[in-house]
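Fold and contact review
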Number of protein chains: 2
Amino acid sequence: MARLLDAIDGPGDLKKLDAKELQQLAQEIRQELISTVTISGGHLASNLGVVELTIALHRVFDSPRDKLVWDVGHQSYVHKLLTGRRDRFGTLRQLNGLSGFTDRSESPHDPFGSGHASTSVSAALGIATARDLKGEEFSVVAVIGDGALTGGMAFEALNHAGHMRTNFIVILNDNQMSISPTVGAITGILNRLWLDERLEKAESRAERILSGSVIGRRVLQLGREMKRGFKSLTLPPAKIWEELGFTYMGPFDGHDIPKLEASLVQARIHQRDKPIFFHVITTKGKGYPPAEADAVRYHGVANNMCTQLMAPTFSEIFADTLHQIMADDPRVVVITAAMAEGNCLGTIARDFPNRFFDVGICEEHATTFAAGLATQGVRPVIAIYSTFMQRAIDQLIHDVCLQDLPVVFAMDRAGIVGDDGKTHQGLFDLSYLTMVPNLIVSAPKDGNELRQLLYTAIRADHPMAVRYPRTQTAISCPRGTLEELPIGRGEILRDGKDITILTVGPMALPALDAARALSELGIEAAVVNARYIKPLDSELILGLCRASGRVVTVEENVLAGGFGSAVIQLLHSAGLDNTRARCIGITDQYVEHGPQHILRSKFGLDAPGIVRTVIDNFPELRSSVGERPSAAVS
Amino acid sequence: MARLLDAIDGPGDLKKLDAKELQQLAQEIRQELISTVTISGGHLASNLGVVELTIALHRVFDSPRDKLVWDVGHQSYVHKLLTGRRDRFGTLRQLNGLSGFTDRSESPHDPFGSGHASTSVSAALGIATARDLKGEEFSVVAVIGDGALTGGMAFEALNHAGHMRTNFIVILNDNQMSISPTVGAITGILNRLWLDERLEKAESRAERILSGSVIGRRVLQLGREMKRGFKSLTLPPAKIWEELGFTYMGPFDGHDIPKLEASLVQARIHQRDKPIFFHVITTKGKGYPPAEADAVRYHGVANNMCTQLMAPTFSEIFADTLHQIMADDPRVVVITAAMAEGNCLGTIARDFPNRFFDVGICEEHATTFAAGLATQGVRPVIAIYSTFMQRAIDQLIHDVCLQDLPVVFAMDRAGIVGDDGKTHQGLFDLSYLTMVPNLIVSAPKDGNELRQLLYTAIRADHPMAVRYPRTQTAISCPRGTLEELPIGRGEILRDGKDITILTVGPMALPALDAARALSELGIEAAVVNARYIKPLDSELILGLCRASGRVVTVEENVLAGGFGSAVIQLLHSAGLDNTRARCIGITDQYVEHGPQHILRSKFGLDAPGIVRTVIDNFPELRSSVGERPSAAVS
């Protein structure tokens, strides 16, 4: 039987379907999501939750003329299926395939790109404001989850929108469960919303009683007076949104297409002098029992699941080591910004509930909260993804490092992250970390070193970052005695008189492979694991560079302001001007999604790339060699 | 007559005074503030507004055992006067003198440093959480203004605090006027609070009426039922804070010491399972008629006041040029994050009210709002201080530059800012801007060039930053024809065969002075105004460096990841390894407050410093010179 979905080439085709066909379409979309995402990886539960909402949106609004802005964008798969990207859906998150988020370069139906949380209200308000300035007419809709709503910038935008009285719609997709079960009082408010219906009934009962007597009528009149001053006094949780300047509509069942459509039409044609807050209740994982039952687990399928099945990931080693340290040292607490799962903190949350803080999607608060803790002798560890730390650079500069407070930044997903792509790459951290005074910046080459660096960081009396990648470690890393690694001291992994290869983190491994390959070509390369990017081991680096006069740096970070940049600055400030230095890293561009090893290879961040850099830039070293060098390692 | 203030060596001395003496003390403090701040510069109106609140706080709480955390900290002068810093108060904001903000290194009475807005609730929550973890007993109080409350991270912290139910006090210092008249719906809520008293009266009237009849009593009972579900239903604005998990107290008159004290005691001894939101209404500028009448103007005395009395400041040239451009180009709009005064945007706000957006202290929202506008063909200019742009680096990376949207960042107060000190220096921007792909980064050497670069930025089809300092321009810069300055092209200001001095922004001027002084010593230095820090003018730079083999870079930015770092990276990647390069800039440290010229001199960022760097690092150039070189310019 032909699928209805196969005839949907754009939102217009949706409008031809009747209620029963829409039901069937929803079913087909769920099937498509499950079969594709369980193979390709990606976000399943959140997309299963918005099937009906997305259908209703595309029937009521006229995309791309009307603008739909999806917050975070991991729930935009249904939207992609319905807006002409069905044929490419199997390429989701694959190299050169569809992005796992909305992307302006992918479709005119994506008016704003996404990835990080809490941006949609700001972006939609900007789009709607531009429309009004230009005297154009179209609808603007932001769809934001209850998790993203805890982010401060969403509040900033709601506050500004309420003040501006701009005509647009904010849809709260309330699944009462963000990536982590959502934290915060705002969720408490939402959860209590259902009580309102009871209240409304109580109120109309009161009206009926009162209107029957003179005194009652006087009270009613008084009540109406109050209402003029305090509109919707009787619907308190909605009232919060009303107070913020929005017209509140809802809550609606997010899986009832006809009702959603009718309500969205109302919202669309609503009075034009106010934004609308449209509250929808959805079930994450809807229609796929395993995902409904464990939406956290199925949030990101094939994401780092903290499994013990294969070699451990850096994230797992981090969590295991932190657990070991917390058992010994009562000063240590851990803070996550709604990433407890990704950071593998489940066991810690269970075993140290009072020393585990999930602050919601609030990196700024997380950082200054940690600074406050640190002033009192507590040792906070912020477990955070490199890309999300970008949200709290000012707090790092202004609250933690300026006061030289001992906060540990355990920065996961540093370097190339793979499938999540452009918005999520951890490729800026070495630059924005090393510019900050007082901060110690380190990177382990493997899981064992991660254990020691984390231990060192917690015992350091200064702020310290430990950045590690989203990968498995190359070796098994059982628990053992923890010891501090001297701050600012690197490690020579291999001697070599001709050239020095200086590496950051796990880049030490391909560098060793490269050195072996170069050796076969008669070139002897020293390999150094920098271990500390700041402070650099100047003595070690200058000594080696003075000896050979040649150096190559290797890092998974943008070249501007990164490790290589710091090394050559060191060389010049020490007067070693004549050292020939080349830097391997990410050139000035955003890096797409795709398998990590392919993307690394593209930037020369693997053994063949390192060999090629050495041979091409130091041709005198291979004067005696005739064969093609890269063949030796590729 | 001896002043009472002269006998206050610490908070303990306050407790000896009676009500009348406290009145007199408040008077004396006001006198001290006015006489000191009108001479030394600093924040006057905000401090005049918290005289009584500060006295009451120090009488009720026991600092430093109890922790008082001042948000922003510019209103902490009274606190400083009362906590043993009276004798040094005349050194406020002077070199080696008291900081204009709270500072942990200055006094045990400053448990957390401040400067940027909206951090206090996070910090106080951290301190209170640490206290509870350690089983200690003391009070923690955050004092935050209504302006800082619009910042998203304050909301993140309130949300988390409500969830945690931690025992601490957030005092809202509501002067209904932050630096700019506050924007946003939250202010609307606060302003309506006064209506509550009317409502409360209406309610008790209703109770009286209702209790007189059977039917009325039934209604009353119904009302009580509702109340059980929705506590404080009858006080809606307070209810917002209750919903967020706080106990709301207030509003209180912030100038009535006895009442404030009594209420603060209540708050201190209040039930211990919930944070308290304590609402105080104050009058900014209280007791000093000129400051009361124009609190915006007196917010920062001797701050850049956009005066036309002396040579124009860069800020003024920016605003004047933007006005000129907006008059011609209807696409252009301007966004400020509560800094309309500092950015001299008054005239623009008046003449283009629909194209001027003050979003409150919300740099994150400002940036993504601009990105949304830019998707629709609008050309937003974000007028922002360099130090505050640190708040929105992720939005810059993720929303603006990833999508290559033409947003202009007019970054004022770049470089050393002077009196505001450590927290406000604009010394990181070249590092965090140049790491971002697609972003064009520029700096004008003077006001005329600022005009052209701003014009260029608005016509560029990419995001572009123009960074300029907090100073007057050296020359008069009348309006004239605007023309684009080719992107990525620098400017040779002086030829010279021996060495090249590459400069950023107004550093071109001391570099020219240095070149003249060097010339007298027989050393011919070329001077280049880089104009663009990204993309660099590689052709120009490489050509000059190839010719002389010597280069010195000069920038008001940290050295890590800054302009010099980019230049030497360019040299190596182009194979000019043997160029001898030295970088002048800010070494790895936070820079204190003090006069700009003294601080610049400390880092060699003036003509004598540049001469010294050349002579010391390139001794061969002066082989024929005997005299002391620095004498020639100092």
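Quick caveat, the model's predicted, so the values are computed rather than measured.

A count of helical and extended segments in chain A gives 25 helices and 19 strands. Per-residue burial for chain A yields a buried fraction of 69% across its 634 residues. Taking as baseline every contact in chain A between residues at least 6 positions apart, the subset at least 24 positions apart corresponds to 77%. Total accessible area computed for chain A in this model is approximately 20600 Å², and 50% of it derives from carbon and sulfur atoms.

Attention now moves to the environment of Met507 of chain A. Residues and elements named next belong to chain A. Relative to the assigned elements, Met507 resides in the loop between β15 (499-503) and α21 (508-520). Along the sequence, Met507 and Arg272 sit 235 residues apart, while their C-alpha atoms lie 56 Å from each other. Apart from the residues within four sequence positions on either side, Met507 is in contact with Val554, Glu555, Glu556, Arg600 and Leu605.

All told, the structure shown has 12 cavities of 30 Å³ or more when counted by the stated rule. In terms of lining, the second largest cavity is formed by 14 residues, of which the most central are Lys422, Gln425, Phe428 and Tyr590 of chain A together with Ile397 of chain B. For the lining of the second largest cavity, the residue count by class is 6 nonpolar, 7 polar and 1 charged.

A few words on the pairing of strand β13 (residues 464-467) of chain A. Residue and element names in this part refer to chain A. Residues Met464 and Val466 line one face of β13 and the alternating positions Ala465 and Arg467 line the opposite face, and both faces are buried. Bridge count between strand β11 (residues 408-412) and β13: 4 bridges; the pairing is parallel. Note on β13: the bridge partner recorded for Val408 is Met464. Pairing analysis gives 3 bridges linking strand β12 (residues 440-442) to β13, with the strands arranged parallel. Within the sheet, the bridge partner assigned to Ser442 lies in β13 and is Val466. Viewed along the sheet, the connection from β12 through helix α20 (residues 447-459) into β13 turns out right-handed.

Residue and element names in this part refer to chain A. The end-to-end C-alpha distance of helix α6 (residues 120-134) is 21 Å, a good match for the 21 Å that 15 residues give at a rise of 1.5 Å each. For α6, the tally of buried residues reaches 12 of 15 residues, placing the bulk of the element in the interior. When α6 is considered as a whole, its buried residues turn out to be Ser120, Val121, Ser122, Ala123, Ala124, Leu125, Gly126, Ile127, Ala128, Thr129, Ala130 and Arg131. After α6 finishes, the residue Gly135 shows a positive phi value of roughly 70 degrees.

All names here are of chain B. It is the contact of helix α21 (residues 508-520) with helix α25 (residues 607-617), at a shortest axis distance of 8 Å, that shows an interaxial angle of 50 degrees. Here α21 is positioned oblique relative to α25, judged by the angle of their axes. Remark: the crossing between α21 and α25 carries right-handed chirality. Between α21, through Pro510, Ala511, Asp513, Ala514, Ala517 and Leu518, and α25, the contact on the second element is made entirely by Ala607, Ile610, Val611, Val614 and Ile615.

Next up on the list: the sheet that holds strand β14 (residues 491-494) of chain A. Residues and elements named next belong to chain A. The sheet built from 5 strands is open, its strands ordered β14-β16-β15-β18-β19 with mixed pairing. Looking along the sheet, the strands with just one partner apiece sit at the ends: β14 and β19 (580-586). Going from strand to strand, the sheet's axes swing by 25 degrees on average, the running direction of each strand aside. The pairing of strand β18 (residues 550-558) with β19 spans 6 bridges and is parallel. Residue pairing across strands places Val551 opposite Ala581, the latter belonging to β19.

Attention shifts here to unusual backbone geometry. Residues and elements named next belong to chain A. Of note, the bond from Gly250 into Pro251 is cis; its omega dihedral lies within 30 degrees of zero at -5 degrees. Among the structural elements, Pro251 can be located in strand β5 (residues 247-253). Between Lys534 and the following residue, Pro535, the backbone shows a cis peptide bond with an omega angle of -5 degrees. Turning to its location among the elements, Pro535 is positioned in the loop between β17 (532-534) and α22 (538-548).

It is worth spelling out the packing of aromatic side chains at this point. This structure, assessed with the given rule, holds 23 aromatic pairs over all chains. By the ring-pair criterion, three or more aromatic residues cluster together here, those being Phe168, Trp241, Phe246, Tyr248 and Phe277 of chain A. Taking NZ or CZ as reference, Lys67 of chain B lies 5.0 Å from the ring centre of Phe138 of chain B, over its face. The ring of Phe138 of chain B carries Arg131 of chain B above its face, with NZ or CZ at 5.8 Å from the centroid.

This next bit is on the pattern of salt bridges. Residue and element names in this part refer to chain B. This model, assessed by the stated rule, comprises 80 salt bridges over all chains. Put simply, Asp429 and Arg467 hold a salt bridge, and the shortest N to O gap is 2.8 Å. Here Asp429 is found in helix α19 (residues 429-434), whereas its partner Arg467 is found in strand β13 (residues 464-467), with 38 residues between them in sequence. Of the residues examined, Arg467 reaches a relative accessible area of 6% and is grouped as buried.

All names here are of chain A. By domain assignment, chain A separates into domain 1 (5-194 + 240-289), domain 2 (196-234), domain 3 (314-467) and domain 4 (491-624). Facing the 32 residues of domain 3 at the interface are 30 residues of domain 4. Taken together, the two surfaces of domain 3 and domain 4 that pack against each other cover about 2300 Å², and 60% of this comes from carbon and sulfur. Along the contact surface separating domain 3 from domain 4 lie 2 salt bridges. Note that Glu449 is salt-bridged to Arg531, the shortest N-O span being 3.0 Å. At the junction of domain 3 and domain 4, the tally comes to 21 residue pairs in polar contact (both at pLDDT 80 or more). For the side of domain 3 that touches domain 4, the elements supplying multiple residues, two or more each, are α19 (429-434), β12, α20 and β13. The greatest single-element share of the side of domain 3 that touches domain 4, amounting to 4 residues, is contributed by α19. Here the side of domain 3 that touches domain 4 is built from residues that sort into 16 nonpolar, 9 polar and 7 charged.

This brings us to the sheet that holds strand β9 (residues 356-358) of chain B. Residue and element names in this part refer to chain B. In spatial order, the strands read β9-β8-β10-β11-β13-β12-β17; together these 7 strands make up an open sheet with mixed pairing. Whereas interior strands pair on both sides, the edge strands pair on one side only; in this sheet they are β9 and β17 (532-534). Neighbour-to-neighbour, the strand axes of the sheet open up by a mean angle of 20 degrees, direction not taken into account.

Residues and elements named next belong to chain A. Buried residues dominate strand β16 (residues 525-529), accounting for 5 of its 5 residues. Residue alternation in β16 divides its side chains into two sets, Ala525, Val527 and Asn529 and Ala526 and Val528, and both sets are buried. Alignment of β14 against β16, held across 3 bridges, turns out to be antiparallel. For Arg494, the partnering residue across the bridge sits in β16 and is Val527. In this structure, β15 lies alongside β16, joined through 5 bridges in parallel fashion. Bridging across to β16, Ile501 finds its partner in Val527. Crossover handedness for the path β15 to α21 to β16: right-handed.

Right, let's get into the environment of Ile317 of chain B. All names here are of chain B. Following the sequence through the fold, Ile317 ends up in helix α14 (residues 314-328). You can call Ile317 buried: its relative accessible area is 3%. Apart from the residues lying within four places of it in its own chain, the contact partners of Ile317 are Pro312, Gly447, Leu450, Arg451, Thr473 and Cys477.

Residues and elements named next belong to chain A. Locating His323 in the fold gives a position in helix α14 (residues 314-328). A distance of 2.6 Å separates a polar atom in the side chain of His323 from a polar atom in the side chain of Asp351. Contacts of His323, omitting those with residues within four sequence positions, involve Thr347, Ile348, Asp351, Phe352 and Arg479.

Another point: the environment of Ala130 of chain B. With respect to the helices and strands, Ala130 of chain B occurs in helix α6 (residues 120-134). Excluding its chain neighbours within four sequence positions, the residues that come into contact with Ala130 of chain B are Leu373, Gln376 and Val378 of chain A.

Here is what the cut-offs are and how they apply
- By convention here, each chain's residues receive numbers from 1 onward along its written sequence.
- Ligands are numbered from 1 and chains lettered from A, in the order in which they are written.
- A pLDDT threshold of at least 70 governs which residues receive local features in this predicted model, and a stricter bar of 80 or more applies before side-chain atom pairs are shown or counted, although totals over entire chains, interfaces and linings include all residues.
- Hydrogens and waters are ignored; side-chain quantities use all the structure's heavy atoms.
- The helix count covers DSSP runs of H or I at least four residues long, the strand count covers runs of E at least two residues long, and both are numbered beginning at the N terminus.
- Working definition: with a 1.4 Å probe on protein chains only, accessible area under 20% of the residue-type maximum means buried, over 50% means exposed, and in between means partly exposed.
- Every residue pair with non-hydrogen atoms within 4.5 Å of one another is taken to be in contact.
- The protein chains shown are the only cover counted for residues, whose accessible areas, like all others here, come from Shrake-Rupley with a 1.4 Å probe.
- The method works on a 1 Å grid over the protein atoms by themselves. A cavity is a set of points holding a 1.4 Å probe that cannot get out, a pocket is an open set with protein on both sides within 12 Å along at least five of seven lines, and residues with an atom within 4 Å of a point line them.
- Grid points are joined across faces, edges and corners, and a volume is the space filled by probe spheres set on the points.
- Residue polarity is assigned by list, with Asp, Glu, Lys and Arg as charged and Ala, Val, Leu, Ile, Met, Phe, Trp, Tyr, Cys and Pro as nonpolar; anything else, Gly included, falls into the polar class.
- Note on pairing: two strands pair once DSSP finds at least 2 bridges between them.
- A crossover gets the label right-handed when its path from the first strand over the helix to the second runs clockwise, viewed with the strands pointing away from the viewer.
- A helix is expected to span 1.5 Å multiplied by its residue count minus one.
- Convention adopted: a line fitted to C-alpha atoms gives each axis, helices being fitted over their contacting stretch, and angles between N-to-C directions are expressed from 0 to 180 degrees.
- When an angle is under 35 degrees it counts as roughly parallel; over 145 it counts as roughly antiparallel; between 65 and 115 it counts as roughly perpendicular; any other value is oblique.
- The sense of a crossing depends on the near helix, which, turned anticlockwise from the far helix by less than a right angle, makes the crossing left-handed and, turned clockwise, makes it right-handed.
- Pairing of aromatic rings covers Phe, Tyr and Trp, the last counted by its six-membered ring, and requires centre-to-centre distances within 6.5 Å; plane angles under 30 degrees mean stacked, over 60 mean edge-to-face, and any other angle means tilted.
- Cation placement over rings: the criterion is NZ of Lys or CZ of Arg within 6 Å of the ring centroid and within 35° of the ring normal.
- Note on definitions: salt bridges are taken to be side-chain nitrogens of Lys or Arg within 4 Å of carboxyl oxygens of Asp or Glu.
- Here the limits of each domain have been adopted from an automatic or database domain assignment.
- When two components associate, each loses some accessible surface as probed by a 1.4 Å sphere; the sum of these losses over both components is called the buried area.
- Under this definition, polar contacts are N or O atom pairs within 3.5 Å; protein pairs additionally need one hydrogen-donor-capable and one acceptor-capable atom, and for neighbouring residues in sequence, both atoms have to be side-chain atoms.

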